[in-house]
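Chain by chain, the residues run as shown.
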Amino acid sequence: QLSPGFYSKSCPKLFQTVNSVVRSAIQKEARMGASLLRLFFHDCFVNGCDGSILLDDTSSFTGEKRAAPNFQSARGFEVIDQIKSAVEKVCPGVVSCADILAIASRDSTVTLGGPSWNVKLGRRDARTASQAAANNSIPAPTSNLNRLISSFSAVGLSTNDMVVLSGSHTIGQARCTNFRARIYNESNIDSSFAQSRKGNCPRASGSGDNNLAPLDLQTPIKFDNNYYVNLVNKKGLLHSDQQLFNGVSTDSTVRGYSTNPSKFKSDFAAAMIKMGDIKPLTGNNGEIRKNCRRRN
Ligand code: HEM
Ligand SMILES: [Ca+2]
Ligand SMILES: [Ca+2]
């Protein structure tokens, strides 16, 4: 029941308003495009695309920001605030924070050179959030292939959706704590790649945990198909990344995307639309938040 034209009468300037804030944020810091794309994923996987990830903790409310996959990791909330206030100026009380995330993730992808798609709209904002669901539903980088497949299938996404959406790791950064075990202990990794990553990620846990490395060693601010080329060369940064090309059922899909960038881009766009359809609140459910960080 979502549709691209949902706000065409009620907020005709919506797209240009979101786009200009996203573009200037990325101009300031290219990584922000990656961070905004990831926010939408972490929203949709936890009780659907309902803006739950945006709610701040308070003394009487526990949100999702301190859940393990988000804590010291999810970022871009200030940009969402900037978008929301710009949108509230042109059409007050009309556009949900959940829809703003959906548009911002598309605009981020496009700005960094990726595909475009028609974003379906009409989601409303949750009045609740779930730290436990965030811990349980967002896949961990320690996951094996079967676990990755099952966490996507739990929200109605296929194995192919999982492989193509993982191509998001063509942009952005990861913290040492999330790839340390891979670079020091695993054997399905290119040894010179592992060696160079060790330079900024000490073996001892607790030291340098938040040091960053690009998920895609070659083009971390370009949304291309290089993620798959990396996997074929055993240069996936996360354990979960290399799981997709490890003598397994998804190898052929990875190989395909590594040589066919346009197929990657069109499949990615379709899968983003599918992810955006996860359990939206519509009709009289939820609300249109005034401030994305708190319920009305
Ligand atoms: C397949 C399962 C996935 C796992 C296990 C996973 C895990 C991770 C981890 C551990 C990081 C680094 C976080 C940090 O170190 O702070 C990361 C970053 C990122 N992920 Fe994923 N991810 C997955 C799928 C996805 C999907 C489906 C998307 C988007 C549709 C996505 C988009 C991103 C982006 C763009 C970044 C970089 C963010 C930044 O630089 O701020 N990931 N992911
Ligand atoms: Ca959510
Ligand atoms: Ca790239």
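Residues numbered from 1 in each chain as written. Chains lettered and ligands numbered in written order. Predicted model: local features only at pLDDT ≥ 70, side-chain atom pairs only at ≥ 80, totals over all residues. Heavy atoms only, no water.

(A) Fine view of the layout of surface pockets. Estimates place the volume of the largest pocket at around 960 Å³. Lining the largest pocket we find 44 residues, and of these Arg 38, Phe 41, His 42, His 169 and Leu 238 sit closest to its centre. Broken down by secondary-structure element, the contributors of at least two residues to the lining of the largest pocket are helix H2 (31-44), helix H5 (131-137), helix H6 (145-153), helix H7 (159-165), strand S1 (173-175), helix H11 (239-242) and helix H13 (261-276). Per-element tally for the lining of the largest pocket: the top contributor is H2, with seven residues. Residue composition of the lining of the largest pocket, by class: 23 nonpolar, 15 polar and six charged. (1 Å grid on protein atoms, 1.4 Å probe; cavity = no way out; pocket = protein on both sides within 12 Å on 5 of 7 lines; lining within 4 Å. Points joined across faces, edges and corners; volume = space filled by probe spheres on them. Helix = DSSP H or I, 4+ residues; strand = E, 2+ residues; numbered from the N terminus. Nonpolar A, V, L, I, M, F, W, Y, C, P; charged D, E, K, R; others polar.)

(B) Local environment of the site of ligand 1. Within the structure, ligand 1 sits among 25 residues, and Arg 31, Ser 35, Ser 73, His 169 and Arg 175 are positioned closest to it. Residue Ser 35 places a side-chain N or O atom 2.7 Å away from an oxygen atom belonging to ligand 1. Interatomic distance of 2.9 Å between a backbone N/O atom of Gln 173 and an oxygen atom of ligand 1. In this structure the site holding ligand 1 corresponds to the largest pocket. No other element matches H2, which puts five residues into the shell around ligand 1. (Near = heavy atom within 4 Å. Polar contact = N/O pair within 3.5 Å; in protein donor to acceptor, adjacent residues only side chain to side chain. Sits in = over half its atoms within 2 Å of the grid points.)

(C) Quick look at the coordination of the calcium ion (ligand 3). Protein-derived ligands of the calcium ion (ligand 3) are Thr 170 (O), Thr 170 (OG1), Asp 216 (OD), Thr 219 (O), Thr 219 (OG1), Lys 222 (O) and Asp 224 (OD), with the metal-ligand distances lying across 2.3 to 2.5 Å. Look at Lys 222 and you get partly exposed, because its relative accessible area is 42%. (Donors = N, O, S within 2.8 Å, 3.2 Å for Na, K, Ca; no water. Buried < 20%, exposed > 50% of the residue type's maximum accessible area, 1.4 Å probe, protein only.)

(D) The coordination of the calcium ion (ligand 2), seen in detail. Summarising the metal site, the calcium ion (ligand 2) is bound by the protein donors Asp 43 (O), Asp 43 (OD), Val 46 (O), Gly 48 (O), Asp 50 (OD) and Ser 52 (OG), whose distances to it range over 2.3 to 2.5 Å. Metal-centred angles of 72 to 159° between the six donor atoms at the calcium ion (ligand 2) mark the site as irregular. Mapped onto the polypeptide sequence, the residues donating to the calcium ion (ligand 2) form the spacing pattern D-x2-V-x1-G-x1-D-x1-S. Assessed through its relative accessible area of 4%, Asp 50 is described here as buried. Given a relative accessible area of 0%, Ser 52 falls into the buried group. (Tetrahedral: all angles 85-135°; square planar, octahedral: opposite > 155°, others 65-115°.)

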